[in-house]
Amino acid sequence: ICNSRFTKRFIDEEYGISSEVVYPPVDTEKFKPGKKENLILSVSRFSKTLHAKKQEILINAFGNLVKKGLKEWRLVLAGGVRDDEKDYLESLNQKAKNLPIEFYPNLDFYKLQKLYGEAKIFWHAAGFGEEDANPERMEHFGTVVVEAMAAGCVPVVIGKGGIPEIVEDKVNGFLWEKQPDLEKLTLDLIRSSDVLDDLSQKAVVRSKKFNQQVFCQKIYEAVRE
């Protein structure tokens with residue numbers, strides 16, 4: 001059993017089998033839309049190791065939006081950080097200097113819930129700049145994307161790894177591969193509140209496809225067969 005069709009491609013080829021895809025369970029009931037603010041959120045650990053989440057790309061993109069005249073919006077970067085990765089976090093802080101960017105390392109779960117509920121847009125960049133020859137550097141599924149969608153955040157996320165299996169492009173969010181596309185899609189969303197509201201509602205609906213009940217049913221079917 002694999003956690004995405006993306007993972008399945010490599011598992012089947014490596015081991016000469018035909019695996020079955022069962023998406024991981026996400027407790028979507030714990031994430032609800034709140035009073036939305038002009039907030040872009042990204043949730044991922046602060047790390048430069050094998051599974052680097054590429055927060056520096058998001059800082060660059062947001063900085064460019066500010067240069068283009070974006071006002072009264074802020075970017076929040078939240079996630080876990082180990083002691084040996086604090087230098088990386090500090091480098092991100094320096095990069096974000098003088099920009100409306102906030103960092104929340106190792107925040108508690110209730111604060112994370114609140115941020116999800118407040119954010120209008122969700123960004124994710126893990127896998128940016130990586131080639132298909134390096135699948136281990138991609139997001140194999142993308143739990144945080146589902147959590148964000150459950151809270152009514154419109155995902156504007158990289159179209160690599162397993163993420164395109166979660167977000168249906170232009171239906172309940174947007175997929176991108178190049179930084180200028182991330183900036184343009186985000187700016188278009190900000191300028192169209194009707195589109196933003198519509199996609200937010202559709203994102204919530206889509207997130208239910210990955211909840212615990214669906215997971216249990218799929219596992220039951222797999223075992224029964």
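Quick note: structure is the one above.
K.L.:
Even after reading the chapter, I still don't get the overall build of the protein, so can you show me in this structure?
P.N.:
Helix and strand content of the protein: 8 helices and 6 strands. Along its sequence from the N terminus, the protein presents helices and strands in the succession α-β-α-β-α-β-α-β-α-β-β-α-α-α. Here the C-alpha radius of gyration of the protein, 17 Å, is about what a compact globule of 225 residues would show, namely 17 Å. Reported as C-alpha extents along the three principal axes, the dimensions of the protein are approximately 55 × 35 × 30 Å. Counting the 225 residues in the protein, one finds 48% classified as buried. Here the contacts in the protein between residues at least 6 apart in sequence split such that 72% fall between residues at least 24 apart. Between the centroid of the 34 positive side chains of the protein and the centroid of its 35 negative side chains there is a distance of 4 Å.

K.L.:
I keep staring at the packing of aromatic side chains and nothing clicks. Help me out?
P.N.:
Here a ring pair, both rings aromatic, is described through the centre-centre distance and the interplanar angle of the planes. This model, assessed by the stated rule, comprises 11 aromatic pairs. Their ring planes at 75° and their centres at 5.8 Å tell us that Phe31 and Phe109 sit as a pair that is edge-to-face. Residue Phe31 is found in the loop between α1 (5–15) and β1 (39–43), and its partner Phe109 is found in helix α4 (residues 109–118); the two are separated by 78 residues along the sequence. Judged by its relative accessible area of 3%, Phe31 is buried. Here the aromatic cluster, defined as three or more aromatic residues joined through ring pairs, consists of Phe31, Phe109, Tyr110, Tyr116 and Phe122.

K.L.:
Looking at this structure, how should I read the environment of Lys114?
P.N.:
One can find Lys114 in helix α4. Sequence-wise, Lys114 and Asp84 are 30 residues apart; in three dimensions their C-alpha atoms are separated by 28 Å. A polar atom in the side chain of Lys114 sits 2.4 Å from the side chain of Glu118.

K.L.:
Explain the pattern of salt bridges here, please?
P.N.:
Side chains that differ in charge, positive against negative, can pair when their charged atoms come close. Enumeration according to the criterion identifies 16 salt bridges in this entry. Between Glu37 and Arg74 there is a salt bridge, and its shortest N-O distance comes to 2.7 Å. Residue Glu37 is located in the loop between α1 and β1, and its partner Arg74 is located in strand β2 (residues 74–79); the two are separated by 37 residues in the primary sequence.

K.L.:
Would you explain the packing of helix α2 (residues 55–67) against helix α6 (residues 179–191) in this entry?
P.N.:
Following both chains from N to C, one finds α2 and α6 inclined at 50°, their axes separated by 10 Å at the closest point. The angle between α2 and α6 places the two elements in the oblique class. Of the two elements, α2 crosses α6, and the hand of that crossing is right-handed. For the pair α2 and α6, contact is made by Ile57, Leu58, Asn60, Ala61, Asn64 and Leu65 and by Gln179, Leu182, Glu183, Thr186 and Leu187, respectively. Per-class residue counts for the contact of α2 with α6 are 6 nonpolar, 4 polar and 1 charged.

K.L.:
What is the right way to look at the sheet that holds strand β3 (residues 101–105) in this model?
P.N.:
To summarise the sheet geometry, strands pair through backbone hydrogen bonds and adopt either a parallel or an antiparallel arrangement. Spatial ordering of the open sheet is given by β3-β2-β1-β4-β5-β6, a layout of 6 strands whose pairing is parallel. With one partner strand each, in any of the chains shown, β3 and β6 (174–176) form the two edges of the open sheet. On average, each strand axis in the sheet is tilted by 20° relative to the strand beside it, whichever way the strands run. The pairing of β2 with β3 spans 5 bridges and is parallel. Each residue of the ladder has a partner; that of Gly79, found in β3, is Pro105. Its contacts with the sheet put α2 on β1, β2, β3 and β4 (121–124), and the angle it makes with β2 is roughly 170°.

K.L.:
When you look at the layout of surface pockets in this model, what are you seeing that I'm missing?
P.N.:
Any empty space left between the atoms is revealed when a probe the size of a water molecule rolls over them. Taken as a whole, the largest pocket spans an internal volume of roughly 160 Å³. Forming the walls of the largest pocket are 13 residues, and the residues nearest its centre are Tyr23, Lys209, Phe210, Val214 and Lys218.

Calculation rules
Residues numbered from 1 in each chain as written. Predicted model: local features only at pLDDT ≥ 70, side-chain atom pairs only at ≥ 80, totals over all residues. Heavy atoms only, no water. Helix = DSSP H or I, 4+ residues; strand = E, 2+ residues; numbered from the N terminus. Rg over C-alpha atoms; globule rule 2.2 N^0.38 Å. Buried < 20%, exposed > 50% of the residue type's maximum accessible area, 1.4 Å probe, protein only. Contact = heavy atoms within 4.5 Å. Lys, Arg positive; Asp, Glu negative; His and termini not counted. Charge placed at Lys NZ, Arg CZ, Asp CG, Glu CD. Phe/Tyr/Trp six-rings, centres within 6.5 Å; stacked < 30°, edge-to-face > 60°. Polar contact = N/O pair within 3.5 Å; in protein donor to acceptor, adjacent residues only side chain to side chain. Salt bridge = Lys/Arg side-chain N within 4 Å of Asp/Glu carboxyl O. Axes fitted to C-alpha atoms, helices over the stretch in contact; angles between N-to-C directions. Parallel < 35°, antiparallel > 145°, perpendicular 65-115°, else oblique. Left-handed = near helix turned anticlockwise from the far one by under 90°. Nonpolar A, V, L, I, M, F, W, Y, C, P; charged D, E, K, R; others polar. Pairing = 2+ DSSP bridges. 1 Å grid on protein atoms, 1.4 Å probe; cavity = no way out; pocket = protein on both sides within 12 Å on 5 of 7 lines; lining within 4 Å. Points joined across faces, edges and corners; volume = space filled by probe spheres on them.

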